[in-house]
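# Working through the structure, step by step
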Amino acid sequence: MKVKDGIIGLVVGDALGVPVEFTSRSELEENPVTRMEGNGMYGQPAGTWSDDTSMTLATMTSIINKKGIDYDDIMDEFLEWYINSKYTNSDDGRFDIGITTVNALNNYRNGAPALESGCNGERENGNGSLMRILPLAYFRDIDYETIENVSGITHAHKRSKIACVLYVEIAKSMLENDDLTIEEHINLACDKIKEHYKGSEELKHFQKIFDNNLDDISGKGYVIYTFECVVHCLLTTDNYRDAVLKAVNIGHDTDTNAAICGGLAGIYYGFDSIPVDWTDQINRIDYLLSLCEEYEAFCDES
Ligand SMILES: [Mg+2]
């Protein structure tokens, strides 16, 4: 069972970061997160997940229901979350959403097809598609165009799309080969991206990741900063717990950085590496585990 490694890894990272979202790095240096906490930014109980998890679960559910990728149906499930708080584990329902995602969902509600709903301005390169793209890594024969399109229903700029492709490639490498180091997985995926997008102006934005030149990172929610943060946290720790706590304590977009980091750390180190006292605090964990099982069964059959 590999789906729960990554997905629960993502959910736990998200929940760890929720209470301190938008907290600065210097504040967290003084008072770092070391465990699953409640209250904070949104006044939620410990173990509450946010949009990162909800949109990931919506994507998985749509894929199971439609037996494949149906862009409009994924958007319909996102709307179920946006409007009706489906896919949440908080009594308050949905309590956060990114601006680019809101704009794309409203475009869709106003009649645009899913593939024309996404925002493609250069300023619309937040991490909002990267945080929900992990389910695609479990598809055996996923192609780059499909990954780009699943990003593009909300985040349609090429930079966000390439970030999603790179993330899925790293995850796939980890899923397919147990014998490599994290650095080797990342390097292999980067080589594929450099080759596939050769000549694209966008590649220069990924250069610090390609070069592992990550001494100066930011926790802010720009897709490239997030990717740099995640790679930095993975390459400077040697277990799930330390990787996600490091991502949280870099500050700012704490939940999303830790969710994206946690997805890969979960796959690499395995579900059993995720502290039980953290998973025990996730309300609706049984629902998550059964969705992961259903999703795995679908991916195995297809
Ligand atoms: Mg969030």
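Residues numbered from 1 in each chain as written. Predicted model: local features only at pLDDT ≥ 70, side-chain atom pairs only at ≥ 80, totals over all residues. Heavy atoms only, no water.

Turning next to the overall build of the chain. Helix and strand counts for the chain come out as 14 helices and zero strands. Taken from the N to the C terminus, the helices and strands of the chain come in the order α-α-α-α-α-α-α-α-α-α-α-α-α-α. Taken along its principal axes, the extent of the C-alpha atoms in the chain is 45 × 45 × 40 Å. Residues classed as buried in the chain amount to 60% of the 302 residues present. In the chain, the share of contacts with a sequence separation of at least 24, taken over all contacts with a separation of at least 6, comes to 73%. Counting only carbon and sulfur atoms, one obtains 42% of the accessible surface of the chain, whose full area is about 12200 Å². Side chains of the chain give 25 positive and 52 negative charges; the mean places of these two sets differ by 3 Å. (Helix = DSSP H or I, 4+ residues; strand = E, 2+ residues; numbered from the N terminus. Buried < 20%, exposed > 50% of the residue type's maximum accessible area, 1.4 Å probe, protein only. Contact = heavy atoms within 4.5 Å. Areas by Shrake-Rupley, 256 points an atom, 1.4 Å probe, with all protein chains shown as cover. Lys, Arg positive; Asp, Glu negative; His and termini not counted. Charge placed at Lys NZ, Arg CZ, Asp CG, Glu CD.)

A few words now on the packing of aromatic side chains. Counted under the stated rule, the structure contains eight aromatic pairs. Seen from their ring centres, Y42 and F95 are 4.7 Å apart, and the 50 degrees between their planes marks the pair as tilted. On the criterion of sequence distance, the pair formed by Y42 in the loop between α2 (25–30) and α3 (51–66) and F95 in the loop between α4 (71–84) and α5 (99–109) is long-range, its members being 53 residues apart. For the pair Y42 and F95, a shared accessibility class is recorded, and that class is buried. Relative to Y225, the ring of Y222 has its centre 4.9 Å away and its plane inclined at 85 degrees; by these criteria the two rings are edge-to-face. Among the aromatic residues, those joined into a cluster by ring pairs are F139, Y295 and F298. When the ring centre of W81 is taken as origin, the NZ or CZ atom of R94, which lies over that ring, is 5.8 Å away. Against the face of F210 rests K194, its NZ or CZ located 5.0 Å from the ring centre. (Phe/Tyr/Trp six-rings, centres within 6.5 Å; stacked < 30°, edge-to-face > 60°. Lys NZ or Arg CZ within 6 Å of the ring centre and 35° of its normal.)

Further remarks concern α5. Every buried residue belonging to α5 is among T100, T101, V102, A104, L105 and Y108, and all of these are buried. Turning to α5, the residues buried within the fold contact α3 and α4. Following α5 by one or two positions, G111 has its phi on the positive side, about 110 degrees.

This next bit is on the coordination of the magnesium ion. Binding of the magnesium ion to the protein goes through S50 (OG), D51 (OD), D52 (OD), D96 (OD) and D255 (OD), at separations of 2.0 to 2.7 Å. All donors of the magnesium ion come from a single chain, and their spacing in sequence reads S-D-D-x43-D-x158-D. Placement of D51 in helix α3 and of D255 in helix α12 (residues 254–269) is noted, with a sequence separation of 204 residues between them. On the accessibility criterion, D51 (7% relative accessible area) is buried. D255 sits in the buried class, given a relative accessible area of 0%. (Donors = N, O, S within 2.8 Å, 3.2 Å for Na, K, Ca; no water.)

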